[in-house]
Amino acid sequence: MISISQSMKMAVESLKSSKLRSGLTALGIIIGIAAVVATFTLGASFGAFFSDQISSSGSNYIMIVSAKENLFFDQQVEVVRNTRGIEAVSPVLSTSGTVTYMGESKNLTIYGILEDYEEIGAVPMYDGTFITDRDTSVAVVGKNVSLDGFTNQISTRGSIQITVYNSETRENVTRTFSVKGISGSDQTSIIRASDSNSAIYIPLSVMKEMTGKSDYRTIFAMTESNETIKETNDEVKRNLARNLGVSERNLDNAELIPFFTMNQAEILEQVGTMTQTLQMFLIAIGGISLIVGSVGIMNIMIVTVTERTKEIGTLKALGYTSVDVLVLFLVESVVISLVGGAAGTILGLTVSYIGASFLGITMALSYGAIAAAIVISIAIGIVAGVYPAKRAADMNPVDALRSV
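Residues numbered from 1 in each chain as written. Predicted model: local features only at pLDDT ≥ 70, side-chain atom pairs only at ≥ 80, totals over all residues. Heavy atoms only, no water.

Notes on the overall build of the chain
Logical step 1: Helices and strands together make up the secondary structure of the chain, namely 12 helices and 10 strands.
Logical step 2: In terms of C-alpha radius of gyration, the chain reaches 33 Å, well past the compact-globule figure of 22 Å for 404 residues.
Logical step 3: Projected onto the principal axes, the alpha-carbon positions of the chain cover approximately 105 × 60 × 35 Å.
Logical step 4: Sorting the 404 residues of the chain into buried and exposed places 45% on the buried side.
Logical step 5: The long-range fraction of contacts in the chain, counting pairs at least 24 apart against all pairs at least 6 apart in sequence, stands at 79%.
Logical step 6: Surface exposure of the chain reaches about 20000 Å², of which carbon and sulfur atoms provide 57%. (Helix = DSSP H or I, 4+ residues; strand = E, 2+ residues; numbered from the N terminus. Rg over C-alpha atoms; globule rule 2.2 N^0.38 Å. Buried < 20%, exposed > 50% of the residue type's maximum accessible area, 1.4 Å probe, protein only. Contact = heavy atoms within 4.5 Å. Areas by Shrake-Rupley, 256 points an atom, 1.4 Å probe, with all protein chains shown as cover.)

Below, the structure is given as structure tokens:
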């Protein structure tokens, strides 16, 4: 019986004799495998990126958002704070205001927070220190605002003026703040209340006094343990709903609860689901190319068998069995598919690298995708080559030798 190594050598020689046709035959496989590899790799890269972003947003993070104004006040903040499993709480009061530094003014978003927000939101400090609950006329400025927001860079030795609208007096209120710290890092978060690189933080009490507002649209909390974050999240929802007058029988009806919550575990789960859905959609598109590619290989192998009829008759006359001929053509089909798979894998990884670099994320090499590409290539080669190889193996050597 002919060995696999001999079959491989003969298959390679046959492919070399018709390089253009072999290349065009493998094109469908190349495109399909490249799509599958790129999808898996970029999907893994996005998954890792979003997971890192969410994890960097704070440990055991819960965000409670009201569905309407005048819902959350200090009383509701205390309900959250007193819920079992809650370690830290900070409401956030934000407004648009004018920040003036050395005679230059910019319209920016100002956030009033408590000192717990630094830990809850994992706010990185570029310079100086964060606000405490004892502070009054101090501010923390985001790195982007500090370094690039104004003509002159803002340092921790400087002071800024902040002007906001007071809803009670219906007048603009201006106060001077000394810059206590510069917040931010090279990474930004996708779920914090604010981007610490571009934020202006001031004490919550001062923000309430300047704006005349006492209600909060968002409350942030941190749980004691990551293992109990879902249970604590549910407990917060129940306690707040009861406090806001939701009856016991309606506590499980989300439509009747005037707020919603998000936590780190839920967001990671949602991101994973979205990533998988996108991957499956793109893989389906790549699968179409693989089907087209497999049909192309089958057609070319049928043509090859027809063209090599006399060669098949000669091989059988020299003692090659039907099984030898079957293996010979089957291996040739697999080699074409493997070459296309290898080229498609390289193309897919190249596209992934370029795409990840363009988007500014780290490429996560998916060894599973590479292994899958090899297995898929072999499987396609076998499936596409079975019929042509069987056709060659069943040829009568006398009839084959008579053909011209």
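What to know about the nonpolar core
Logical step 1: With 42 residues, the main nonpolar core has Ile64, Ile160 and Ile162 as its most contacted residues.
Logical step 2: Ranked by residue count, the leading element in this core is strand S2 (residues 86-101), at five residues.
Logical step 3: Discounting chain neighbours no more than four positions away, the residues touching Ile64 are Phe72, Val80, Arg217, Thr218, Ile219, Val236, Leu240, Phe259, Phe260 and Thr261.
Logical step 4: Core analysis: the next-biggest nonpolar cluster, separate from the first, contains 22 residues, Ile29, Ile297, Leu315 and Phe329 among them. (Core = buried A, V, L, I, M, F, W, Y, C linked by side-chain atoms within 4.5 Å.)

Considerations on the pairing of strand S6 (residues 159-166)
Logical step 1: Sheet topology note: the S2/S6 ladder contains three bridges and is antiparallel. Counterpart to Thr100 in the pairing with S6 is Gln161.
Logical step 2: With eight bridges connecting them, S6 and strand S7 (residues 171-183) associate as antiparallel partners. Within S7, the residue paired with Tyr165 across the bridge is Asn172. (Pairing = 2+ DSSP bridges.)

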